[in-house]
Every structure is written in C-alpha cells, then in structure tokens.
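Coordinate inspection notes
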Amino acid sequence: MDQLWLSFIQLIIAVVLGAIAAYLALFLFQWFTRGVDEWQLLRDGNAAVGIVLGAMLVAVAIILRPALVVDRSVWDVGGSAFGQVLLTEALQLLIGLVLAVVTLEIALFLFGALTRGIDEVAELKKGNLAIAGLLAGVLIGMGLMISPAVSEIMRLVASLLF
C-alpha cells in the first residue's frame, strides 16, 4: 500500500512539474521567435508553428523522462523513504527542466547561426512546413541526444543526496 501512495504522489509531482515544463518550453519557443505572436498564428491555422511547438514539447518530455525515475538502489535508507524519494524526484525534475530549457535554447541558437541563409522565424510565419519539419527534427533529435546525459546526471544527483 505504501508503494501505491508513493506512486500517486510521484504522479502528482510529475503532472505539476510537467505543466511547468510545457509552459517553459513554449516560453523558450517565444524567445526563439521574438516579435511573433505564436498564439495568433495558431488561431489562424498556421500548421508550421504548431508542428514546431509540438516538437518543442516532445523534446522537453524526452529530456525530462530520466528525471522521473528515482533509483532507490543507490540509497542505503530502506524501502519506505517517501520523503526522500519525493524530494529527490522533485529536485531531479527541476534540474532536468533547467537542462532541457538551456540545452534546447542553445541548440536553436546554434542552428539559427549555422543556417544564415534561412530566416526560420520568417518562414514559420509564412507557414513553411518544410522549415517546420526541419526544426521539429532538430528539437526532437537534440532531445534524444541529451536524454542519456540527463539520465547520468540524475543518477549522480540521487547518489549524492543519499
């Protein structure tokens, strides 16, 4: 029964911090597309913006996935350490969230700098689905590449705490 309560509380923490992660991911996209009203473009049916926003959310989820797993095998505290597990999970999610936002921001900046011949933001405003697909691939690809490193960082965080 204790494991059921722990799992339920972990679910609540994951949902709350997941919503914050989604908001920050959208904020990150707004940073990349300064001067663009993404919400108006979505209301106008701009699929390109929707694809990139969706990819941003998927990339953040991929990066944060390892933060949801608390490895209690590295601890020497027994099986009923609810507070420690919850604290560790919350801390891992916060660290993972910072890593996700920072790394994706850097990836978008570098990609934009490397593709000087293309104004990605202007193309997205025009609804260019090819550019949207390309940016979606960059974001999801970065998420997949960053996720194993985040997993190792989370393992280190758990071992340092307990």
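Residues numbered from 1 in each chain as written. Predicted model: local features only at pLDDT ≥ 70, side-chain atom pairs only at ≥ 80, totals over all residues. Heavy atoms only, no water.

**Remarks on the overall build of the protein chain**
Helix and strand content of the protein chain: six helices and zero strands. Helices (α) and strands (β) of the protein chain occur, in sequence order from the N terminus, as α-α-α-α-α-α. Looking at the 162 residues of the protein chain, the share that counts as buried comes to 39%. Partitioning the contacts of the protein chain with sequence separation of at least 6, the portion at a separation of at least 24 is 79%. For the protein chain, the accessible area works out to roughly 8600 Å², and carbon and sulfur atoms hold 70% of it. (Helix = DSSP H or I, 4+ residues; strand = E, 2+ residues; numbered from the N terminus. Buried < 20%, exposed > 50% of the residue type's maximum accessible area, 1.4 Å probe, protein only. Contact = heavy atoms within 4.5 Å. Areas by Shrake-Rupley, 256 points an atom, 1.4 Å probe, with all protein chains shown as cover.)

**Let's talk about the layout of surface pockets**
With a probe scaled to a water molecule rolled over the atoms, the places where space remains empty come into view. Its boundaries defined by the atoms lining it, the largest pocket holds a volume of some 170 Å³. Considering the residues around the largest pocket, the lining is formed by Ala 14, Leu 17, Gly 18, Ala 21, Ala 22, Leu 57, Val 60, Ala 61, Leu 64, Arg 65, Leu 68 and Leu 93. The set of elements that each furnish at least two residues to the lining of the largest pocket consists of α1 (2-32) and α3 (47-64). For the lining of the largest pocket, the leading source of residues is α1, giving five residues. (1 Å grid on protein atoms, 1.4 Å probe; cavity = no way out; pocket = protein on both sides within 12 Å on 5 of 7 lines; lining within 4 Å. Points joined across faces, edges and corners; volume = space filled by probe spheres on them.)

**Observations concerning the pattern of salt bridges**
Under the criterion given, the structure shown has one salt bridge. The salt bridge involving Lys 126 is made with Glu 123; its shortest N-O contact spans 3.1 Å. Residue classification places Lys 126 among the exposed positions, given a relative accessible area of 63%. (Salt bridge = Lys/Arg side-chain N within 4 Å of Asp/Glu carboxyl O.)

**Remarks on the side chain of Thr 115**
Tracing the backbone shows Thr 115 in the loop between α4 (82-114) and α5 (120-125). You can call Thr 115 buried: its relative accessible area is 17%. Among the polar contacts made by the side chain of Thr 115, one reaches the side chain of Glu 120 at a distance of 2.3 Å. (Polar contact = N/O pair within 3.5 Å; in protein donor to acceptor, adjacent residues only side chain to side chain.)

**Notes on α3**
In a regular helix each residue adds 1.5 Å, so 18 residues correspond to 26 Å; α3 covers 26 Å between its end C-alpha atoms and thus fits that length. Capping of α3 at its N-terminal end is provided by Asn 46; its side-chain oxygen lies 3.0 Å from the backbone amide nitrogen of Ala 48. (Expected span 1.5 Å × (residues − 1).)

**Considerations on a nonpolar patch on the surface**
Together, Trp 5, Phe 8, Ile 9, Leu 11, Ile 12, Val 15, Val 16 and Ile 20 line one region of the surface with nonpolar side chains, adding up to about 740 Å² of accessible area. Looking at Leu 11, the relative accessible area reads 49%, which means it is partly exposed. (Patch = residues over 30% accessible without salt bridge, like charges linked within 9 Å, V, L, I, M, F, W, Y side chains within 5 Å.)

**Quick look at the nonpolar core**
In a soluble, globular protein the nonpolar side chains are often hidden away together inside. Grouped together as the largest cluster of nonpolar side chains are 40 residues, with contacts concentrated most on Met 56, Leu 104, Leu 124, Leu 135 and Leu 139. When contributions to this core are tallied by element, the ones reaching two or more residues are α1, α3, α4, α5 and α6 (129-161). (Core = buried A, V, L, I, M, F, W, Y, C linked by side-chain atoms within 4.5 Å.)

**With respect to the environment of Gln 84**
By secondary structure assignment, the location of Gln 84 is in helix α4. Sequence spacing of Gln 84 and Ala 158 is 74 residues, and the spatial spacing of their C-alpha atoms is 9.6 Å.

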